[in-house]
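Analysis of the macromolecular model
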Number of protein chains: 2
Amino acid sequence: MQLLDDLLRKRVFPADLERYCTDAMERAGLPRDAAAVSARVLATTDSWGIHTHGTRQIRQLLKNVRDGRIDAAARASVAAEGAAFAILDGNHAMPIVTACTAMELAIRKAREVGIAYVGVKRSSHIGAAGYYATMALPHDMVGMATTNTDPWMTVPGGKGPIMGTNPIAYAIPAGTERPIFLDIATSSVAVTKILAAKALGKRLPEKWLVDDAGQPTDDPTNYPAQGALLPMAGHKGYGLAVLVETLTAMIPGAAFLSGVKCWAFDIPDKANQGHAFLAINVGAMTPLAEFKARMDAMIREIKGAPKTADGRIYLPGEMEWERQERAQREGIALPDYVLVNLVGLAEDTGTQEALAAAFR
Amino acid sequence: MQLLDDLLRKRVFPADLERYCTDAMERAGLPRDAAAVSARVLATTDSWGIHTHGTRQIRQLLKNVRDGRIDAAARASVAAEGAAFAILDGNHAMPIVTACTAMELAIRKAREVGIAYVGVKRSSHIGAAGYYATMALPHDMVGMATTNTDPWMTVPGGKGPIMGTNPIAYAIPAGTERPIFLDIATSSVAVTKILAAKALGKRLPEKWLVDDAGQPTDDPTNYPAQGALLPMAGHKGYGLAVLVETLTAMIPGAAFLSGVKCWAFDIPDKANQGHAFLAINVGAMTPLAEFKARMDAMIREIKGAPKTADGRIYLPGEMEWERQERAQREGIALPDYVLVNLVGLAEDTGTQEALAAAFR
């Protein structure tokens, strides 16, 4: 507990966090390149302040490797391919590496033909889908990324978990303004927010759940043993989740709905999640400088619009960029639930000294 | 008023409604083919029960033609093109015709390369975006369609209208089950629902609006003179609306945000809306029969899931297909606000007898 107490009083720079996590994963037996890619994605996610999907997930990913649910030596392979698309077989390889491979392939194809879709089957948990969308930005492309998940969400008229929280993420380059970036679940809210309120004995701010009878409730007491998340905006979120399931699972041929097995549970089944990635090569379609000038003008018009008395208008992603800039300047104060997982990772891999040295 | 009273007691079959509307638009001076395409789209939309976006809009579209805001003799032209994309210049032609042309082009390109995007600039109101998504179904493709609109919606931290209601529509083929179909605004609700509650002097069932100070309200009394629609699901709907604006306007080079001029207002400016269409040729990516079997299995698992005591689970689009089947069997009882517009169209074009003859 001494190490945890120490880290709670310190901060870590994203580059140091990434380096430590790469080394720890390699010590745990991962190939160096798979460790490096996974660490980069998860440490970047922490730098955005999305800690639920950051480095805290490494320990559970490594447990999946030990349990044979993820094959750390495998690599994704091409199952079908055309000028503007590919279907990858994830071969149950390290899912974050697979997702990076898929998005890079979408970008490469979009460079040739303007837009490309890459679907992935036989994969697992990829962290925050948003990371892969942002991979399009240095190429001046629009990126989109989405994945299905095991079921946590009910649908209108139903009760109990039926669908995944099926996130939608995108990134759009701009000119002198910051890029636009969104990563949202199609459920009312992330599961972690429900569990946090429950741990504090609090009611939810809105009716984000249904109870055992399928009635909307703001009481998290019996969740997740009973009830399920509501879709965002009722039938609208449900409809978008069905689209995500189609793009990520029905087209690539991944598991769907109850066929997806939760990567975070202590079960032997492979997750068999599906993902979908889209890259749009804007510069092939319209002069890039004009597009960027239009994006800047749109961003400025939205930010300059009339506001509520205490209001500030954020563009999608603006909060994440601000947190990232601050993280690079001052380091990140990681929350306790992340540090507990990192200390556990250090104990599992005998890297306590390296972890302590990464924090300042 | 005698004609209106008569029609209120009768029903009209979709094919008869389409034939009458084609003839009336031709009488109003539209080229026969443009009239036929527009009538087909709008009568089909009525057959789905989406009457706000059906044939009631013809009279206002013709006013746009008379006022020079729409050029009925023009046709869309290709501004840029590649293997998997095209940008069309709508040339302010009949917008429904332009949208059909764009979706057909996306389908043609997707047949070759797997997926294709077609963006459109310098266009106007296209009715229900969902129609164009369904055009992919006979080709065993997934279709998506979206458009920006003039601003009706605020964003988190803002007040007053900043963005359009920017709808998202898709259609997905299945096997023996019905296709899946969704057409939603990214705002909390359609403007028409607010105005209907206001006309009845009722409160809204939820806080769908912000008032003049930007505070959420269920009171429609001062709308639309003051206040604006909220996005669906807060920052999530806002983020999706920004994505729609990018795909429909920022890439094609259409007007955006306050630059879009409402087609339904009595103003001289051309609307200059932008649209985006996507076609995904599933059979190029995965064996089509297997995809369709997976879709059927997903549909059956969702429909067979545990339900609330009084619940029935609908798939997206199931209500529209049921209404359409009933319309084809029994005819449609059009609501009064549609009939008022059709009677006005008949008076404008001297086609009262033909309108009366179309109803049974």
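Treat the numbers as computed from the prediction; the structure is a model and nothing was measured.

Basis of the calculations
- Residues numbered from 1 in each chain as written.
- Chains lettered and ligands numbered in written order.
- Predicted model: local features only at pLDDT ≥ 70, side-chain atom pairs only at ≥ 80, totals over all residues.
- Heavy atoms only, no water.
- 1 Å grid on protein atoms, 1.4 Å probe; cavity = no way out; pocket = protein on both sides within 12 Å on 5 of 7 lines; lining within 4 Å.
- Points joined across faces, edges and corners; volume = space filled by probe spheres on them.
- Helix = DSSP H or I, 4+ residues; strand = E, 2+ residues; numbered from the N terminus.
- Nonpolar A, V, L, I, M, F, W, Y, C, P; charged D, E, K, R; others polar.
- Contact = heavy atoms within 4.5 Å.
- Buried area = accessible area lost by both parts, 1.4 Å probe.
- Salt bridge = Lys/Arg side-chain N within 4 Å of Asp/Glu carboxyl O.
- Polar contact = N/O pair within 3.5 Å; in protein donor to acceptor, adjacent residues only side chain to side chain.
- Pairing = 2+ DSSP bridges.
- Core = buried A, V, L, I, M, F, W, Y, C linked by side-chain atoms within 4.5 Å.
- Buried < 20%, exposed > 50% of the residue type's maximum accessible area, 1.4 Å probe, protein only.
- Axes fitted to C-alpha atoms, helices over the stretch in contact; angles between N-to-C directions.
- Left-handed = near helix turned anticlockwise from the far one by under 90°.
- Least-squares fit on C-alpha atoms with pLDDT ≥ 70 in both.
- Domains from an automatic or database assignment.
- Phe/Tyr/Trp six-rings, centres within 6.5 Å; stacked < 30°, edge-to-face > 60°.

1. Quick look at the layout of surface pockets
Residue and element names in this part refer to chain B. Of the voids in this model, the second largest pocket is the one considered here, and its volume is about 180 Å³. Together, Arg 11, Asp 46, Ser 47, Trp 48, Gly 49, His 51, Arg 323, Arg 326, Ala 327, Gly 331, Ile 332 and Ala 333 line the second largest pocket. Within the residue set of the lining of the second largest pocket, elements represented by two or more residues are helix H3 (32-47) and helix H11 (318-330). Taken together, the residues that form the lining of the second largest pocket break down as four nonpolar, four polar and four charged.

2. Some points on the interface of chain A and chain B
At the junction of the two partners, chain A supplies 74 residues and chain B supplies 74 residues. For the pair chain A and chain B, the two sides together bury roughly 5600 Å², of which 75% comes from carbon and sulfur. When residues of chain A are sorted by the area they lose upon contact with chain B, Lys 236, Met 250 and Met 285 of chain A head the list and together hold 11% of the total. For the interface between chain A and chain B, the tally reads zero salt bridges. Summed over the shared surface of chain A and chain B, the result is 20 residue pairs in polar contact (both at pLDDT 80 or more). Listing elements by their share of the side of chain A that touches chain B, those giving two or more residues are strand E2 (85-89), strand E3 (115-123), strand E5 (168-172), strand E6 (180-184), helix H8 (235-250), strand E10 (273-280), helix H9 (282-285) and helix H10 (288-303) of chain A. In terms of residues, the side of chain A that touches chain B owes the most to one element, H8 of chain A, which gives twelve residues.

3. Brief notes about the pattern of salt bridges
Residues and elements named next belong to chain A. All told, the structure shown has 44 salt bridges over all chains when counted by the stated rule. Across the pair Glu 81 and Lys 109 runs a salt bridge, and its minimum N-O distance is 3.1 Å. Of this pair, Glu 81 sits in strand E1 (residues 77-82) while Lys 109 is found in helix H5 (residues 95-113), placing the two residues 28 residues apart along the sequence. Taken together, the salt bridges that share partners define one network made up of Lys 303, Arg 312, Glu 318 and Glu 322.

4. Section: the pairing of strand E1 (residues 77-82) of chain B
All names here are of chain B. Sheet topology places E1 next to strand E2 (residues 85-89); five bridges connect them, and they run antiparallel. Of the residues in E2, the one forming a bridge with Glu 81 is Ala 86. Taking the residues that link successive antiparallel strands as the turn, the E1-E2 hairpin has two residues.

5. With respect to the nonpolar core
Counting 254 residues, the largest nonpolar core has Tyr 132 and Ile 302 of chain A together with Tyr 132 and Ile 302 of chain B as the members making the most contacts within it. Residues within four places of Ile 302 of chain B in sequence aside, it is in contact with Val 155, Ile 162, Met 163, Tyr 238, Val 242 and Leu 257 of chain A together with Ile 313 and Leu 315 of chain B.

6. Examining the packing of helix H2 (residues 14-27) of chain B against H3 of chain B
All names here are of chain B. Running from N to C, H2 and H3 cross one another at 145°; their axes reach a closest spacing of 8 Å. Handedness of the crossing formed by H2 with H3: right-handed. In this structure, H2 contributes Pro 14, Leu 17, Glu 18, Cys 21, Thr 22, Asp 23, Met 25 and Glu 26 to the contact, and H3 contributes Arg 32, Ala 35, Ala 36, Ser 38, Ala 39, Arg 40, Ala 43, Asp 46 and Ser 47. Residue classes in the contact of H2 with H3 are distributed as eight nonpolar, three polar and six charged.

7. Concerning the environment of Ala 171 of chain A
Residues and elements named next belong to chain A. Secondary-structure assignment places Ala 171 in strand E5. Residue Ala 171 is classed as buried on the basis of its relative accessible area of 0%. Here the alpha-carbon distance between Ala 171 and Ala 145, two residues 26 residues apart in the chain, equals 9.0 Å. Not counting the four nearest positions on each side in its chain, Ala 171 is found in contact with Ala 133, Thr 134, Leu 137, Met 141, Val 142, Gly 143, Ile 180 and Phe 181.

8. Quick look at the sheet that holds strand E4 (residues 142-147) of chain A
All names here are of chain A. With respect to topology, seven strands assemble into an open sheet ordered E1-E2-E3-E10-E4-E5-E6, the strand pairing being mixed. Sheet topology places E1 and E6 at the edges, where each strand pairs with a single neighbour. In this sheet, neighbouring strand axes are inclined to one another by 10° on average, regardless of whether the strands run parallel or antiparallel.

9. Description of the relation of the copies chain A and chain B
Once chain A is rotated about the relating axis by 180° and shifted along it by 0.0 Å, it coincides with chain B to within an RMSD of 0.0 Å. Here the symmetry operator amounts to a two-fold rotation axis. Identified as the residue of chain A closest to the rotation axis by C-alpha distance is Ala 233 of chain A, at 2.7 Å.

10. Side note on the domain arrangement of chain A
Interface extent is often summarised as the accessible area lost during association of the parts. If you check the domain split of chain A, you get domain 1 (2-69 + 333-358) and domain 2 (189-230). Taking only C-alpha atoms into account, the centre of domain 1 of chain A sits 29 Å from that of domain 2 of chain A.

11. Some words on empty space enclosed by the protein
Using the criterion set out here, one finds one cavity of 30 Å³ or more in the structure. Estimates place the volume of the largest cavity at around 480 Å³. As for the largest cavity, its lining consists of 30 residues, and the residues nearest its centre are Met 144 and Leu 278 of chain A together with Met 144, Leu 243 and Leu 278 of chain B. Here the residues of the lining of the largest cavity are counted per class, giving 28 nonpolar, two polar and no charged.

12. A look at the environment of Met 298 of chain B
By the element assignment, Met 298 of chain B lies in helix H10 (residues 288-303). On the basis of relative accessible area, Met 298 of chain B is assigned to the buried category, the value being 0%. Sequence spacing of Met 298 of chain B and Ser 123 of chain B is 175 residues, and the spatial spacing of their C-alpha atoms is 37 Å. Every residue in contact with Met 298 of chain B, bar those within four places of it in the chain, is listed here: Val 242, Glu 245, Thr 246, Met 250, Phe 256 and Leu 257 of chain A together with Ile 180 of chain B.

13. Thoughts on the packing of aromatic side chains
The geometry of an aromatic ring pair is captured by two quantities: the separation of the ring centres and the angle between the planes. Taken as a whole and assessed by the stated rule, the structure comprises 14 aromatic pairs over all chains. Ring geometry for Trp 48 of chain B and Phe 181 of chain B: centres 4.8 Å apart, planes at 50°, overall tilted. With Trp 48 of chain B in the loop between H3 and helix H4 (58-66) and Phe 181 of chain B in strand E6 (residues 180-184), this residue pair connects regions lying 133 residues apart in the sequence. You'll find Trp 48 of chain B and Phe 181 of chain B in the same group, each marked buried. Aromatic rings pair up to connect Trp 48, Tyr 131, Tyr 132, Phe 181, Phe 277 and Trp 321 of chain A into one cluster.

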